[in-house]
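Structural characterization, general
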Amino acid sequence: QVQLVESGGGSVQAGGSLRLSCVASGRTFSSYTLGWFRQAPGKEREFVAAVTQRREYYADSVKGRFTISRDNAKNTVYLQMNSLKPEDTAVYYCARFTGGSVYTPTNYEYWGQGTQVTVSS
């Protein structure tokens, strides 16, 4: 069993920044591929970013603005979000990848409880 706990959400104005954190339990954190997803009211959960041991993946909508990183010593994955836009408003979740496409939410397990990000114009 892996537990994931997100934090760092909040309310900011457009153009602002936030850094989300996701702390994971488990002794083999360094071997995990982890992803961030988001879900806005009335919309489906969508891929934001993922990080393996060697590379990062991003949704086109966040490329150049968001950066995913990991600190294996702290069992933590981060999502640095810059130049935030109102359309980034959503609940953000982290999850552990199980296989297949990193862009597909059904290929993840052990979801966190989510953290709310609200961007005002």
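Some points on the state of the cysteines
Taken as a whole and assessed by the stated rule, the structure comprises one disulfide. Disulfide pairing places Cys22 opposite Cys94 at an S-S distance of 1.9 Å. With the S-S dihedral at roughly 60°, the linkage between Cys22 and Cys94 falls on the right-handed side. Separated by 72 residues along the polypeptide, Cys22 in strand 3 (residues 18-24) and Cys94 in strand 9 (residues 90-97) bring together distant segments of the chain. Of the two residues, Cys22 and Cys94, neither departs from the other in class, the shared state being buried.

Observations concerning the environment of Arg38
With respect to the helices and strands, the residue Arg38 is situated in strand 4 (residues 34-39). The exposure class assigned to Arg38 is buried, which follows from its relative accessible area of 5%. Sequence-distant contacts of Arg38, defined by excluding residues within four places in its chain, comprise Glu44, Arg45, Glu46, Val48, Ser61, Val62, Phe66, Glu87, Asp88, Ala90, Val91 and Tyr92. One polar contact links Arg38 to Glu46, side chain to side chain, over a distance of 2.5 Å. Within the local environment of Arg38, its side chain forms a polar contact with the side chain of Tyr92, the two groups lying 2.9 Å apart.

Regarding unusual backbone geometry
Notably, Asn75 is not glycine yet its phi reads approximately 50°, a positive angle. Structurally, Asn75 is set in the loop between strand 7 (66-71) and strand 8 (76-81). Take Asn75: its relative accessible area is 19%, and that puts it in the buried class. The phi dihedral of Ser83 falls on the positive side, at around 50°, and the residue is not glycine.

About the cut-offs
Residues numbered from 1 in each chain as written. Predicted model: local features only at pLDDT ≥ 70, side-chain atom pairs only at ≥ 80, totals over all residues. Heavy atoms only, no water. Disulfide = S-S within 2.5 Å. Helix = DSSP H or I, 4+ residues; strand = E, 2+ residues; numbered from the N terminus. Buried < 20%, exposed > 50% of the residue type's maximum accessible area, 1.4 Å probe, protein only. Contact = heavy atoms within 4.5 Å. Polar contact = N/O pair within 3.5 Å; in protein donor to acceptor, adjacent residues only side chain to side chain.

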